[in-house]
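Overview (structure and organization)
The primary structure of each chain is shown beneath.
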Amino acid sequence: MAEDLYSVLGVSRSADQKEIRRAYREKARKFHPDVNKTPGAEETFKRISEAHDVLSDPETRAQYDRFGENFRQYAAADAARSSEQPRRSGGTRYTWSGGGAQSANWEDLFGGGAQSANWEDLFGGGFGGFGRGADHTAELEITVEEAYRGGRRTVQVASPYGGVQEYTIDIPAGAVDGQRLRVAGAGGAGADGQDGDLLVTLRVKDSKRYRLSGADIETDLPISPWEAALGADVSMPTPGGPVTVHVPPGSSTDRRLRLRGQGMPRRGQPGDLYARVKVVVPRTLSKKERELFEQLRDESSFDARRGS
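About the criteria used
- Residues numbered from 1 in each chain as written.
- Predicted model: local features only at pLDDT ≥ 70, side-chain atom pairs only at ≥ 80, totals over all residues.
- Heavy atoms only, no water.
- Helix = DSSP H or I, 4+ residues; strand = E, 2+ residues; numbered from the N terminus.
- Contact = heavy atoms within 4.5 Å.
- Areas by Shrake-Rupley, 256 points an atom, 1.4 Å probe, with all protein chains shown as cover.
- Pairing = 2+ DSSP bridges.
- Axes fitted to C-alpha atoms, helices over the stretch in contact; angles between N-to-C directions.
- Salt bridge = Lys/Arg side-chain N within 4 Å of Asp/Glu carboxyl O.
- Buried < 20%, exposed > 50% of the residue type's maximum accessible area, 1.4 Å probe, protein only.
- Polar contact = N/O pair within 3.5 Å; in protein donor to acceptor, adjacent residues only side chain to side chain.
- Core = buried A, V, L, I, M, F, W, Y, C linked by side-chain atoms within 4.5 Å.
- Parallel < 35°, antiparallel > 145°, perpendicular 65-115°, else oblique.
- Expected span 1.5 Å × (residues − 1).

Description of the overall build of the chain
Of the regular secondary structure elements, the chain holds ten helices and eleven strands. For the chain, contacts bridging at least 24 residues in sequence account for 52% of all contacts bridging at least 6. With the model as given, the accessible surface of the chain reaches about 19600 Å², and the carbon-plus-sulfur share is 48%.

Examining the sheet that holds strand 6 (residues 210-213)
Either a parallel or an antiparallel arrangement is found when strands of a sheet pair, and the pairing is made through backbone hydrogen bonds. Judged by pairing direction, the sheet is mixed, and its four strands sit side by side in the order 6-7-11-10 without closing on themselves. Two strands bound the open sheet, and with one partner strand each, they are strand 6 and strand 10 (256-259). The mean angle between the axes of side-by-side strands here comes to 30°, regardless of whether they run parallel or antiparallel. Where strand 7 (residues 216-223) meets strand 11 (residues 273-279), seven bridges bridge the pair, whose relative direction is parallel. Looking at the pairing, isoleucine 217 lines up with leucine 273 of strand 11.

Details of the pattern of salt bridges
Scanning all chains against the criterion turns up 19 salt bridges. Measuring nitrogen to oxygen at the nearest pair gives 3.4 Å for the salt bridge that ties aspartate 65 to arginine 13. With aspartate 65 in helix 4 (residues 58-67) and arginine 13 in the loop between helix 1 (5-9) and helix 2 (17-31), this residue pair connects regions lying 52 residues apart in the sequence. Beyond isolated ion pairs, a larger network of salt bridges with shared partners links Arg211, Glu218, Asp220, Arg256 and Arg276.

Here we look at the side chain of glutamate 218
Inspection of the secondary structure puts glutamate 218 in strand 7. With relative accessibility at 16%, the residue glutamate 218 sits in the buried group. At 3.1 Å, the side chain of glutamate 218 forms a polar contact with the side chain of arginine 276. Aside from chain neighbours lying at most four places away, what touches glutamate 218 is Arg209, Tyr210, Arg211, Arg256, Tyr274 and Arg276.

Focus: the pairing of strand 11
Here four bridges tie strand 10 to strand 11, and the two strands are oriented antiparallel to one another. If you follow arginine 256 over to strand 11, its bridge partner there is arginine 276.

Overview of the sheet that holds strand 5 (residues 198-205)
Taken together, the three strands give an open sheet; going across it, the order is 1-5-4, and neighbouring strands pair in mixed fashion. Either end of the sheet is taken by a strand with one partner, and the two such strands are strand 1 (136-143) and strand 4 (180-183). Taken over all neighbouring pairs, the strand axes of this sheet differ in orientation by 30° on average, direction set aside. With eight bridges joining them, strand 1 and strand 5 adopt parallel strand pairing. Counted as the bridge partner of threonine 137 is leucine 199 from strand 5.

Observations concerning the environment of valine 281
Mapped onto the secondary structure, valine 281 falls in the loop between strand 11 and helix 10 (287-299). Relative accessible area serves as the criterion here: at 56%, valine 281 is assigned to the exposed category. For the pair valine 281 and isoleucine 223, spaced 58 residues apart in the sequence, the C-alpha separation amounts to 8.6 Å.

Looking at the side chain of glutamine 17
Residue position: glutamine 17 is located in helix 2. A distance of 3.4 Å separates a polar side-chain atom of glutamine 17 from the backbone oxygen of leucine 55.

Concerning the pairing of strand 8 (residues 232-236)
Only one face of strand 8 is covered, namely the one carrying Ala232, Val234 and Met236; the face carrying Asp233 and Ser235 has none of its residues buried. Bridge count between strand 8 and strand 9 (residues 243-247): five bridges; the pairing is antiparallel. When the bridges of strand 9 are listed, valine 234 appears paired with valine 245. Remark: six residues form the turn of the hairpin made by strand 8 and strand 9, two consecutive strands paired antiparallel; glycine 241 in that turn has positive phi of roughly 120°.

Here we look at the nonpolar core
Within soluble globular proteins, side chains that are nonpolar tend to cluster in buried spots. Judged by nonpolar contacts, the single largest core of 37 residues is most densely connected at Leu198, Ile217, Leu221 and Val245. In terms of residue count, strand 5 provides more of this core than any other element does, four residues in total. In this structure, valine 245 is in contact with Leu221, Ala232, Asp233, Val234, Met236, Leu257 and Leu259, ignoring residues within four places of it in sequence.

A closer look at the packing of helix 3 (residues 41-55) against helix 4
Running from amino to carboxyl end, helix 3 crosses helix 4 at an angle of 105°, the nearest separation of the two axes being 6 Å. Our classification of the angle between helix 3 and helix 4 gives roughly perpendicular. Taking contact as the criterion, the partners of Asp53, Val54 and Leu55 in helix 3 are, on helix 4, Thr60, Arg61 and Tyr64.

Focus: helix 3
With 15 residues, helix 3 extends 21 Å from end C-alpha to end C-alpha; this agrees with the ideal 21 Å at 1.5 Å per step. Listed as buried for helix 3 are Ala41, Phe45, Ile48, Ser49, Ala51, His52, Val54 and Leu55.

Everything listed is a geometric property; what it means functionally is a separate question.
Below is the structure:
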C-alpha cells in the first residue's frame with residue numbers, strides 16, 4: 001500500500017497551501033539528488049515531488065481526498081462519464097491520467113482529432129514533459145552598509161493562495177545595485193513537481209552617510225576651520241570600521257581624499273573610498289573664540305572670494 005501523500009510531506013490533512021508548499025521545499029532541498037547521494041534519496045525526492053504535485057492543486061487534492069491512492073483511475077472514470085453528457089460552451093480543464101496515450105480519448109480532449117493538438121502548448125516545450133514552474137521576481141532595497149558587509153534579509157512575496165510568503169536570502173559581501181539572487185524552487189509550482197525560482201533584484205540605496213558609485217564609496221568628512229587650515233589626522237567611520245584620514249593643510253570644502261581599497265569588496269580589485277571635506281564652523285562662539293577669530297581676520301590677508 002502506497003504511503004499517504006500527506007505523510008510523505010509530513011503535514012496534516014487540514015494543512016493549507018502555505019504549509020504544503022513550505023513542507024515540500026524543506027524536504028525537496030534535503031533529498032534532491034544533486035545534494036543527497038545516499039541510496040534511496042532520488043526515489044524519496046520523486047515521491048515528495050509527486051505528493052506536492054497532487055496536494056498543491058486544489059482539484060487533484062480534492063480527488064485524492066475523495067478516492068485515495070487510486071484517485072487517478074476513479075477521476076478518469078468520472079471524467080469519462082461526464083464526457084457522455086451534453087457539452088457546455090466554454091473552455092474545459094482536463095486532468096492528465098498518466099496512463100499513456102491509449103488512456104485518453106483524443107477526440108474528446110481536442111474536439112477534432114489528435115492532429116489538432118499543439119504539443120508544445122500542451123506540454124510546455126516538448127512532448128514528454130509537463131514543463132517547469134514560472135519564475136517569480138521581487139526587489140529588495142538594501143543600504144550601502146548591507147551591500148558592503150553582506151548578511152541575511154527577509155523578502156516578502158505575494159502568495160497565489162492569498163497572504164504573503166517570506167523567504168530568507170543571503171546577501172553576498174560586495175553586492176551591487178541590480179544584482180540578482182536566486183532562491184531555487186520558490187517560484188510558481190510546476191506540473192511535474194519542478195517549481196520555478198524566485199529572482200530577487202537588489203537595489204542599493206544611498207544613505208545620509210554613504211553614497212555608492214560602482215565599487216567606490218563616497219562619504220562626507222566634517223572638519224573644523226583650524227583642521228582645514230593647519231591639517232590634521234582625523235578618525236572617520238566607514239562601512240568596514242573606523243579609519244584615520246590625513247587631512248592636508250589648506251583643505252577646503254569639497255576636496256576629495258582618496259582611501260585606496262576601502263570601497264566595496266570585489267574579487268581582485270576592491271573599490272576606493274572618497275572622503276569629501278566639509279568645513280564646519282561653530283554655531284556659537286565663546287568670548288575668547290570670538291577674539292581669536294577677530295584677531296585672525298585682522299592679521300590675515302587671505303581673500304576667499306579672490307578669483308571667484
